[in-house]
Amino acid sequence: MAFALETNRPADDRSAGSVELTILMPCLNEAETISLCIEAAKSYLARSGVTGEVLVADNGSTDGSVASAEQGGARVIAVAERGYGAALRAGVAAARGRFVIMGDADGSYDFARLDPFVAKLRDGCDLVMGNRFAGGIAPGAMPFLHRYLGNPVLSLIGRLFFRAAIGDFHCGLRGFRRGAILALNLRTSGMEFASEMVVRAALAKLVIAEVPTRLAVDGRSRQPHLRTWHDGWRHLRFLLMFSPRWLFLYPGLALAALGALGVALLFPGPLMLTPDFGFDDHTFLVAAIAILVGVQVVGFGVIARHSAVVNALLPRSRPLAALLSVISLERGLMTAAAIVCGGVAGVGWSLWQWSLVDFGPLTAPVVMRVLTFALVLIATGVQLAFTVFLLGVIDLPFRGKD
């Protein structure tokens, strides 16, 4: 099954309508600046000759923002669900333009200079991101932690996890083809909406571009809605949860590999680095547990990725699909049973060795090593059996009659 977002080009682009561009502004108590933002947006439409509208998605303002927006000539919609992402999702759904350019209504972005965004969209781009680091950040416009830690680190993680060549993942000024973004079925309601849009667009292989954007000091006298650590964690959490490879698979494989290396080196006996320092039984036990935990984490990764594919959150993974086509429920259970049998055999051999000394103290260290590894095999087999059963449960509603 191919991932729908990779192949479908949405028909609902409003191409038959007369509105080419919607300039969308989410709003929550922006009375001090929204009039100036609307005025700048309208001046751009008048100067450029682009047929468009200014749309304000109000998220429950109580300071007169709605009245100011309406007086300024903007169309205003009320969004009951709270949150930055909720306001933008509603705004995109209500937009009349084929293209949408969204930006904060706090005066930090210049809505009078949108030509680079429109040019890229007309050239066929699905998503055009502003890049504040390339366009310039006015002194005091971005907090120190955001500029030198939060944004660079989160953008680096986004590029690494999703292979999206975006320098500024969280720029609030961005343009997109409305139909393409609606097809992504974006779901988040908070500040992490900014990350979700880029991630889902990259996974759907939409055409993404960047243009330099200047960030000015906002014109508000109140504190910004953005909370540094809280919203930064929400962005990071989203990036991790949308990448089972980096959250589960790679750490699990690394842990299992290190554990296997430790078991292989210590199985014959102690590994002494100096006459007085080395690794023995306790390190062997730690290595065995590392294998066990690593296998479990890899299993979580397989389950998470498959579940995300089934629910159309992530595109189809060819390696995972090939693996699951080979390892059916029955084959998985047979493999798990074979692993458990190997572990039981190891336990039986250990008990036999113990009986040779009349169940007294054991002096041969290999017996405890064999017993420890045998228990790891039993636990691994049980984990595998439940993993393949859970994968079957995830698939169950989507299967036809056998």
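Quantities reported herein were computed from a predicted structural model and do not represent experimental measurements. Per chain, residue numbering runs from 1 following the sequence as it is written. At least 70 in pLDDT is required for a residue's local features to be given in this predicted model, at least 80 for side-chain atom pairs to be given and counted, and no such filter applies to totals for whole chains, interfaces and linings, which use all residues. To get the side-chain values, take all heavy atoms of the structure and skip hydrogens and water.

### With respect to the overall build of the protein
For clarity, the cut-off: By the criteria applied, helices consist of DSSP H or I runs no shorter than four residues and strands consist of E runs no shorter than two, each listed in order from the N terminus. Here the globule rule is a power law, 2.2 Å times the number of residues to the power 0.38, and the radius of gyration is based on C-alpha atoms. Using a 1.4 Å probe on the protein chains alone, a residue whose accessible area is under 20% of its type maximum counts as buried, one over 50% counts as exposed, and one in between counts as partly exposed. In what follows, a contact means two residues having at least one pair of non-hydrogen atoms within 4.5 Å. In summary, the charge assignment counts Lys and Arg as positive and Asp and Glu as negative, without counting His or the chain termini. Every charge is mapped onto a representative atom, which is NZ of Lys, CZ of Arg, CG of Asp or CD of Glu.
When its secondary structure is counted, the protein shows 15 helices and nine strands. Relative to the globule expectation of 21 Å for 402 residues, the C-alpha radius of gyration of the protein, 28 Å, shows a markedly less compact shape. By its C-alpha atoms, the protein is 95 × 60 × 35 Å across when sized along the principal axes. Looking at the protein as a whole, 44% of its 402 residues are labelled buried. When contacts within the protein are restricted to residue pairs at least 6 apart in sequence, those whose partners lie at least 24 apart make up 76%. Considering the protein, the positive charge centre built from 36 side chains and the negative charge centre built from 31 side chains are found 5 Å apart.

### Side note on the environment of Ala 134
Along the polypeptide, Ala 134 turns up in helix 6 (residues 132-135). Along the sequence, Ala 134 and Tyr 84 sit 50 residues apart, while their C-alpha atoms lie 25 Å from each other.

### Some details on the packing of aromatic side chains
Filter applied, for reference: Here a Phe, Tyr or Trp ring, Trp counted by its six-membered ring, pairs with any other such ring whose centre lies within 6.5 Å, and the pair is stacked when the planes are under 30 degrees apart, edge-to-face when over 60, and tilted otherwise. For a Lys NZ or an Arg CZ to count as sitting over a ring, it must be within 6 Å of the ring centre and within 35 degrees of the ring normal.
Counted under the stated rule, the structure contains nine aromatic pairs. Taken together, a centroid distance of 4.6 Å and an interplanar angle of 25 degrees make the contact between Phe 238 and Phe 242 stacked. For the pair Phe 238 and Phe 242, a shared accessibility class is recorded, and that class is buried. Both rings, one in Phe 277 and one in Phe 279, keep their centres 5.6 Å apart while their planes meet at 70 degrees; by these two values the pair is edge-to-face. Residue classification places Phe 277 among the partly exposed residues on the basis of a relative accessible area of 44%. The rings of Phe 161, Phe 162, Trp 246 and Tyr 250 are connected pair by pair, giving a single aromatic cluster. Against the face of Phe 284 rests Arg 369, its NZ or CZ located 5.4 Å from the ring centre.

### Let's talk about the nonpolar core
The cut-off we apply is this: Residues belong to one nonpolar core when they are buried, are Ala, Val, Leu, Ile, Met, Phe, Trp, Tyr or Cys, and are joined through side-chain atoms within 4.5 Å.
Within the largest apolar cluster, 41 residues are counted, with the highest numbers of intra-cluster contacts made by Leu 24, Phe 176, Met 197 and Val 199. Secondary-structure elements contributing two or more residues to this core are strand 2 (52-58), helix 4 (84-94), strand 4 (99-102), strand 5 (127-131), helix 7 (144-162), helix 8 (178-183), helix 9 (193-203) and helix 10 (228-241). Looking at this core element by element, the count peaks at seven residues for helix 9. Setting aside anything within four residues of it in sequence, one finds Phe 176 in contact with Val 92, Arg 98, Phe 99, Val 100, Met 102, Leu 121, Asp 126, Leu 127, Ile 181 and Met 197.

### Here we look at the pattern of salt bridges
Our working rule: Only one rule defines a salt bridge in this text: a Lys or Arg side-chain nitrogen within 4 Å of an Asp or Glu carboxyl oxygen.
In total, this model carries eleven salt bridges according to the counting rule given. For Asp 110, the salt bridge goes to Arg 113, with nearest N and O atoms at 3.1 Å. Across the pair Arg 132 and Asp 168 runs a salt bridge, and its minimum N-O distance is 2.7 Å. One end of the pair, Arg 132, is in helix 6; the other, Asp 168, is in the loop between helix 7 and strand 6 (174-177), and 36 residues separate them in sequence.

### Observations concerning a positive patch on the surface
Selection rule: Put simply, a patch holds well-exposed residues, over 30% relative accessible area, that have no salt bridge, with like charges counted together within 9 Å and Val, Leu, Ile, Met, Phe, Trp or Tyr side chains within 5 Å. Using a 1.4 Å probe, accessible areas were evaluated by the Shrake-Rupley method; residue-level cover was limited to the displayed protein chains.
A cluster of basic residues, Arg 163, Lys 205, Arg 316 and Arg 318, forms a positive patch at the surface. By secondary structure assignment, the location of Arg 318 is in helix 13 (residues 318-326). On the accessibility criterion, Arg 318 (67% relative accessible area) is exposed.

### Overview of the sheet that holds strand 6
Rules: The criterion for strand pairing is that DSSP finds at least two bridges linking the strands in question. To obtain an axis, a line is fitted to C-alpha atoms, over the contacting stretch when the element is a helix, and the angle between two such axes runs from 0 to 180 degrees between their N-to-C directions.
With respect to topology, seven strands assemble into an open sheet ordered 3-2-1-4-6-5-7, the strand pairing being mixed. Bordering the open sheet on either side are strand 3 (75-78) and strand 7 (208-212), each of which pairs with just one other strand. In this sheet, adjacent strand axes meet at a mean angle of 20 degrees when their direction is disregarded.

### Details of the packing of helix 11 (residues 244-266) against helix 12 (residues 281-310)
Selection rule: An angle below 35 degrees is treated as roughly parallel, one above 145 as roughly antiparallel, one from 65 to 115 as roughly perpendicular, and anything else as oblique. Take the far helix as the reference: if the near one is turned anticlockwise from it by less than a right angle, the crossing is left-handed, and if turned clockwise, right-handed. Residues are sorted three ways: Asp, Glu, Lys and Arg are charged, Ala, Val, Leu, Ile, Met, Phe, Trp, Tyr, Cys and Pro are nonpolar, and all the rest, Gly among them, are polar.
Packing of helix 11 against helix 12 brings their axes to within 7 Å, and their N-to-C directions diverge by 155 degrees. The angle between the axes of helix 11 and helix 12 places the two elements in the roughly antiparallel class. Crossing of helix 11 over helix 12 shows left-handed handedness. Tallied by class, the residues present in the contact of helix 11 with helix 12 amount to 20 nonpolar, six polar and one charged.

### Some thoughts on the pairing of strand 8 (residues 271-274)
Bridging between strand 8 and strand 9 (residues 277-279) involves three bridges; their strand directions are antiparallel. Paired with Met 272 across the bridge in strand 9 is Gly 278. Counting the residues in the hairpin turn of strand 8 and strand 9 gives two residues.

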